[in-house]
Amino acid sequence: MLIRVPDYYGDFRCLAGACPHTCCEKWEVVIDEETACRYFEVPGPLGDKLRDAIQADEEGDFCFPLDGGRCPFLDGENLCEIHRTLGEDATSVTCREHPRFIEDYGPFREVTLSASCPAANALLLGTDMPLTFLERETAEPAEEGDEWLPFLLPLRDRMLALLADRTRPLRARLRDFLTLAVKAQEFLDEDQPELLSSLTAENRTQEKHRDGPGLFPYGLRFLGGLEILEPDWPDLLRQAETVPAAAVPETALERIAVYFAFRYLLKAVNDGDLLSRAQMVVFAVLTVERLAVVCGLSEALRRFSCEVEHSDENLDALLRGFWQEEPLSLDTLLKELSTA
Ligand code: SF4
């Protein structure tokens, strides 16, 4: 099977005890069934502690409820007691995979590193070079993919190339990126994915003046109305409402756009919804740019990723919002991109 990863993937190292925002805080860790069964068999005091800590959540999944906002197995040095005593293989799938997002498409697998992790975030924003992706073959057998995949994959390549075209200002690229997604969505809605190949990165937006309010502050208020992971997130969003815009390097914003586009566009094979994911890419870039004035770019991206990418509920609400909420609509995003 072919595995595709961002070009910095091999440089990732977990900061472990030195991590300033350990992933073992604030999130309740779900324990997969196989690992839970293993925990029920562990002897001695650690086994007793595991069995005391494990509970079923509202969905019936096993989990370790947080203790004072921290995983009960996180020790005073921010190291995992299970990992330290029983080895990495004894940790749950969630713990072993984080901060990786793994997507199986059948013929290939794509693995990204969540920008909510400080180490992965630093790699993403640590260079001005265009973000590229590497491929390698493994012995694992490939499976058949969705019938739309051969059409969506080259389209995503063209959309990524469009975002990385540094001969043009980023906002112009983002406008064309959205326009391309609109045209592609029409073909998908008509169940004619084979026509996607007629769309190229050369398609240019017809420039026109757009009236109406921009994306902010509504976009920030919308995020504030979703499930909140960290209690100071609403305050950060409120502060960003009133700050004047400040210049953020386009090369960094471009890398953020490519990170989100790589991760989300191809998911349209599952439900045919390409356009709202393209809107999500633009919304993420503009919101992170706005938040960066308050807390700095890497922290802005980290916080956005935490609150949106790690909550299916929030992600779904945002994708729905692009269709249902006028202040998050395509026109609003295009208007915002037309604003200097
Ligand atoms: S957030 Fe990243 S660097 Fe920090 S403990 Fe988790 S995986 Fe390691």
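Values in this document were obtained by computation on a predicted structure and should not be read as measured data.

Trainee: Got a minute to help me understand the overall build of the protein in this structure?
Mentor: Along the backbone of the protein there are 15 helices and seven strands. On C-alpha atoms alone, the protein measures out to a radius of gyration of 21 Å, which is about the 20 Å that the 2.2 N^0.38 rule sets for 340 residues. Projecting the C-alpha coordinates of the protein onto the three principal axes gives extents of approximately 70 × 50 × 35 Å. The 340 residues of the protein split such that 33% are buried. Considering only contacts in the protein between residues 6 or more positions apart, those separated by 24 or more positions represent 74%.

Trainee: I keep staring at the sheet that holds strand 2 (residues 29-31) and nothing clicks. Help me out?
Mentor: Sheets are built from strands that pair by backbone hydrogen bonding, the pairs being arranged parallel or antiparallel. Spatial ordering of the open sheet is given by 2-4-3, a layout of three strands whose pairing is antiparallel. Only two strands of the sheet have a single neighbouring strand rather than two, namely strand 2 and strand 3 (55-56). With three bridges connecting them, strand 2 and strand 4 (residues 62-64) associate as antiparallel partners. Bridge pairing in strand 4 links V30 to C63.

Trainee: So what exactly am I meant to see when it comes to the packing of helix 9 (residues 233-242) against helix 12 (residues 275-295) here?
Mentor: Each pair of packed helices gets described by two things: the angle between the helix axes and the distance between those axes. Running from N to C, helix 9 and helix 12 point in directions that differ by 100 degrees, and their axes come no closer than 9 Å. Here helix 12 runs roughly perpendicular to helix 9, going by the angle between their axes. On helix 12, the residues touching L236, Q239 and A240 of helix 9 are R290, L291, V293, V294 and C295. For the contact of helix 9 with helix 12, the class distribution of residues is six nonpolar, one polar and one charged.

Trainee: Explanation requested: the site of the ligand in the structure shown.
Mentor: Taken together, C14, L15, A16, C19, H21, T22, C23, H98, P99, C117, P118 and A119 form the complete shell of residues around the ligand. Here the shell around the ligand is composed, by residue class, of nine nonpolar, three polar and no charged.

Trainee: Looking at this model, I keep getting lost on the nonpolar core. Mind explaining?
Mentor: Taken as a class, soluble globular proteins show a tendency for nonpolar side chains to be buried jointly. The biggest cluster of nonpolar side chains holds 73 residues, and the ones touching the most others in it are I256, A257, A261, V281 and V285. Element by element, the count of residues in this core is highest for helix 12, at twelve residues. Leaving out residues up to four positions away in the same chain, V281 has contacts with A257, F260, A261 and Y264.

Trainee: Before we go on, may I ask you to explain the sheet that holds strand 1 (residues 2-6) in this structure?
Mentor: Read across the sheet, four strands follow the order 5-6-1-7 without closing on themselves; strand pairing throughout is mixed. Since the sheet does not close on itself, it has two edges, and those belong to strand 5 (100-104) and strand 7 (133-137), each with one partner. Strand-to-strand twist in this sheet, taken as the mean axis angle between neighbours without regard to direction, amounts to 20 degrees. Where strand 5 meets strand 6 (residues 108-113), five bridges bridge the pair, whose relative direction is antiparallel.

Trainee: Would you mind going over the domain arrangement of the protein with me for this structure?
Mentor: Note on interface size: it is often stated as the accessible area lost on association of the parts. Domain annotation of the protein identifies domain 1 (24-97) and domain 2 (149-338). Taking the mean C-alpha position of each, domain 1 and domain 2 sit 35 Å from one another.

Trainee: Would you explain the pairing of strand 7 in this entry?
Mentor: Regular strands place their side chains on alternate faces of the sheet. Counting buried positions along strand 7 yields zero of five residues, so the element is predominantly exposed. Relative to strand 7, strand 1 is paired through five bridges, and the arrangement is antiparallel. Looking at strand 7, one finds that R4 is bridged to E135.

Trainee: For this particular structure, what's the right way to read the pairing of strand 6?
Mentor: Here strand 1 pairs with strand 6 via three bridges, running parallel. Across the sheet, I3 pairs through a bridge with R109, a residue of strand 6. Remark: three residues form the turn of the hairpin made by strand 5 and strand 6, two consecutive strands paired antiparallel; G106 in that turn has positive phi of roughly 100 degrees.

Trainee: Explain unusual backbone geometry here, please?
Mentor: Peptide bonds are trans in most cases, and residues, glycine excluded, mostly fall at negative phi. In this structure, P99 follows H98 across a cis peptide bond, with omega equal to 10 degrees. In this structure, P99 sits in the loop between helix 4 (93-97) and strand 5. Of note, the bond from F216 into P217 is cis; its omega dihedral lies within 30 degrees of zero at 10 degrees. Following the sequence through the fold, P217 ends up in the loop between helix 7 (170-189) and helix 8 (218-224). Unlike most non-glycine residues, A16 shows phi in positive territory, near 50 degrees. Tracing the chain through its elements places A16 in the loop between strand 1 and strand 2. Positive phi outside glycine occurs at N78, with the angle close to 60 degrees.

Trainee: So what exactly am I meant to see when it comes to the packing of helix 7 against helix 15 (residues 330-338) here?
Mentor: Running from N to C, helix 7 and helix 15 point in directions that differ by 160 degrees, and their axes come no closer than 9 Å. Considering the angle they form, helix 7 stands roughly antiparallel to helix 15. Seen from above, helix 7 lies across helix 15 with left-handed handedness. Contacts between helix 7 and helix 15 involve R171, L174, R175, L178 and V182 from the former and L330, L333, L334 and L337 from the latter. Class assignment for the residues of the contact of helix 7 with helix 15 results in seven nonpolar, no polar and two charged.

Analysis parameters
Residues numbered from 1 in each chain as written. Predicted model: local features only at pLDDT ≥ 70, side-chain atom pairs only at ≥ 80, totals over all residues. Helix = DSSP H or I, 4+ residues; strand = E, 2+ residues; numbered from the N terminus. Rg over C-alpha atoms; globule rule 2.2 N^0.38 Å. Buried ≥ 20, exposed ≤ 12 C-beta atoms within 10 Å, placed from the backbone. Contact = placed C-beta atoms within 7 Å. Pairing = 2+ DSSP bridges. Axes fitted to C-alpha atoms, helices over the stretch in contact; angles between N-to-C directions. Parallel < 35°, antiparallel > 145°, perpendicular 65-115°, else oblique. Nonpolar A, V, L, I, M, F, W, Y, C, P; charged D, E, K, R; others polar. Near = placed C-beta within 6 Å. Core = buried A, V, L, I, M, F, W, Y, C linked by C-beta atoms within 7 Å. Domains from an automatic or database assignment. Left-handed = near helix turned anticlockwise from the far one by under 90°.

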